[in-house]
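Structural description and commentary
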Amino acid sequence: MYPRLQNLFLNSLGEASDSSVTALADVVTLPAQSILIEQGAPTQYVYLLTSGLASMVNTMPDGSTAEVGVCGREGPIGAADLFGQGSTGCIMQIAGDGLRIPVDAFRQLLHESAEVRGRTLEFMQNTIAGLGQISACNRLHSAEARLARWLLMVQDRVEGKTVPVKQACLAQMLGSRRTTITMAAAIMKRNGWIGYNRGRIQILDRRLLKSAACTCYPVLDRLYRELYSTASL
Ligand SMILES: [Zn+2]
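Residues numbered from 1 in each chain as written. Predicted model: local features only at pLDDT ≥ 70, side-chain atom pairs only at ≥ 80, totals over all residues. Heavy atoms only, no water.

A few words on the side chain of Arg 149. By the element assignment, Arg 149 lies in helix α5 (residues 143-158). Look past the residues within four positions of Arg 149 in its chain and what remains in contact with it is Ile 134, Cys 137, Asn 138, Ala 213, Cys 214, Cys 216, Tyr 217 and Leu 220. (Helix = DSSP H or I, 4+ residues; strand = E, 2+ residues; numbered from the N terminus. Contact = heavy atoms within 4.5 Å.)

Here you go:
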């Protein structure tokens, strides 16, 4: 068994729908850097995380990457790629656990359950809004403001003060040079907003980090907080 309250999508469903989803699922452990969705490859599974964090990452032909979204326990990861290939890759950024459902079975469930379909569409609408915001953010906002925004979003999802991510991964996720991210992180450390060592970042002053984040954070925060708010409609 898994703790039901640990996945927000499952938690938004009534008992019958929740059971019909979990009956199709295997419980899986997902180490950091596990590939959940491979960009350009047929989608195989839909994932519902119960811990950890996944990054949606777009990879260019020259190998450069940028993160276009994060997803923790709000799932279902893969919902945007149910009918073909993964449009954007998705990897585990922070190790965790979750449920894994074959994509064919999940697609069939969408036909059978209006409730599962409705919650999945709500998640997809929310995801599309987030993708648009982060795409604009990657183009318009400074590395320091984006780093602050990213750390807050990750902390919201891992619900702890420590974010186990190396600086090299941060640069990859934010689509910036490593030196740029190193400098931004050093300024934050000097200001007492964060601390870091050995691949772990500690959020020391969330209030000041919020003031340093770009205006995308409140928008993305609201999307996260209001997800599944139509569940009672
Ligand atoms: Zn921004």
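Right, picking up where we left off after that structure.
The next subject is the side chain of Asn 7. If you trace the backbone, Asn 7 turns up in the segment before α1 (8-12). At 3.1 Å, the side chain of Asn 7 and the backbone oxygen of Arg 73 are in polar contact. (Polar contact = N/O pair within 3.5 Å; in protein donor to acceptor, adjacent residues only side chain to side chain.)

Bound to the zinc ion are the protein donor atoms Cys 137 (SG), His 141 (ND1), Cys 214 (SG) and Cys 216 (SG), situated 2.1 to 2.4 Å from the metal. One can describe the site at the zinc ion as tetrahedral: its four donor atoms subtend angles covering 99 to 119° at the metal. Read in sequence order, the donor residues for the zinc ion give the motif C-x3-H-x72-C-x1-C. Note that Cys 137 is positioned in helix α4 (residues 114-140) and Cys 216 in helix α9 (residues 216-226), a separation of 79 residues in sequence. Per residue, the accessibility class of Cys 137 equals that of Cys 216, and both read buried. (Donors = N, O, S within 2.8 Å, 3.2 Å for Na, K, Ca; no water. Tetrahedral: all angles 85-135°; square planar, octahedral: opposite > 155°, others 65-115°. Buried < 20%, exposed > 50% of the residue type's maximum accessible area, 1.4 Å probe, protein only.)

Turning our attention to helix α2 (residues 15-22). Taken together, the buried positions of α2 are Ser 17, Asp 18 and Val 21. On an axial view of α2, the arc spanned by its buried residues comes to 100°, and they lie on one face. Opposite its buried face, α2 presents the exposed residues Glu 15 and Ala 16, each directed more than 90 degrees away. At its buried positions, α2 is contacted by α1, β3 (45-49), β7 (96-102), α3 (103-112) and α4. (Arc of directions from axis to C-beta.)

What follows deals with the pairing of strand β5 (residues 65-71). Most of β5 is tucked away: six of the seven residues are buried. As judged from the six bridges shared by strand β4 (residues 53-59) and β5, these two strands associate in the antiparallel manner. By the bridge assignment for β5, Ser 55 is matched with Val 70. (Pairing = 2+ DSSP bridges.)

It is worth spelling out the sheet that holds strand β2 (residues 35-37) at this point. Spatially, four strands are ordered β2-β6-β4-β5 in an open sheet, and the strand pairing comes out antiparallel. The sheet is open, and its two edges are formed by β2 and β5, each paired on a single side. Ignoring strand direction, the axes of neighbouring strands in this sheet form an average angle of 35°. Contacts between α5 and the sheet are confined to β4, β5 and β6 (89-94), with β5 contributing the most and set at about 35° to the helix. Together, β4, β5 and β6 form the strand contacts of helix α6 (residues 167-174), whose direction differs from that of β5 by roughly 95°. (Axes fitted to C-alpha atoms, helices over the stretch in contact; angles between N-to-C directions.)

Before going further, it helps to examine the pattern of salt bridges. Side chains carrying opposite charge are able to pair once their charged atoms draw close together. Here the structure, examined in full by the defined rule, presents eight salt bridges. Between Arg 73 and Glu 159 there is a salt bridge, with the nearest N and O atoms lying 2.8 Å from each other. Separated by 86 residues along the polypeptide, Arg 73 in the loop between β5 and β6 and Glu 159 in the loop between α5 and β8 (162-163) bring together distant segments of the chain. Within the structure, one salt-bridge network assembled from shared partners comprises Asp 156, Arg 206, Asp 221 and Arg 225. (Salt bridge = Lys/Arg side-chain N within 4 Å of Asp/Glu carboxyl O.)

The domain architecture assigned to the protein consists of domain 1 (4-108) and domain 2 (141-222). Averaged C-alpha coordinates put domain 1 and domain 2 at centres separated by 23 Å. Across the boundary between the two partners, domain 1 contributes 14 residues, which contact 13 residues of domain 2. Contact with domain 2 buries surface across domain 1, with Glu 67, Gln 93 and Ile 94 losing the most and accounting together for 41% of the total. Our count for the contact surface shared by domain 1 and domain 2 stands at two salt bridges. Where domain 1 packs against domain 2, one counts three residue pairs in polar contact (both at pLDDT 80 or more). By residue number, the principal contributor to the side of domain 1 that touches domain 2 is β5, which donates four residues. Of the residues in the side of domain 1 that touches domain 2, the class split is six nonpolar, five polar and three charged. (Domains from an automatic or database assignment. Buried area = accessible area lost by both parts, 1.4 Å probe. Nonpolar A, V, L, I, M, F, W, Y, C, P; charged D, E, K, R; others polar.)

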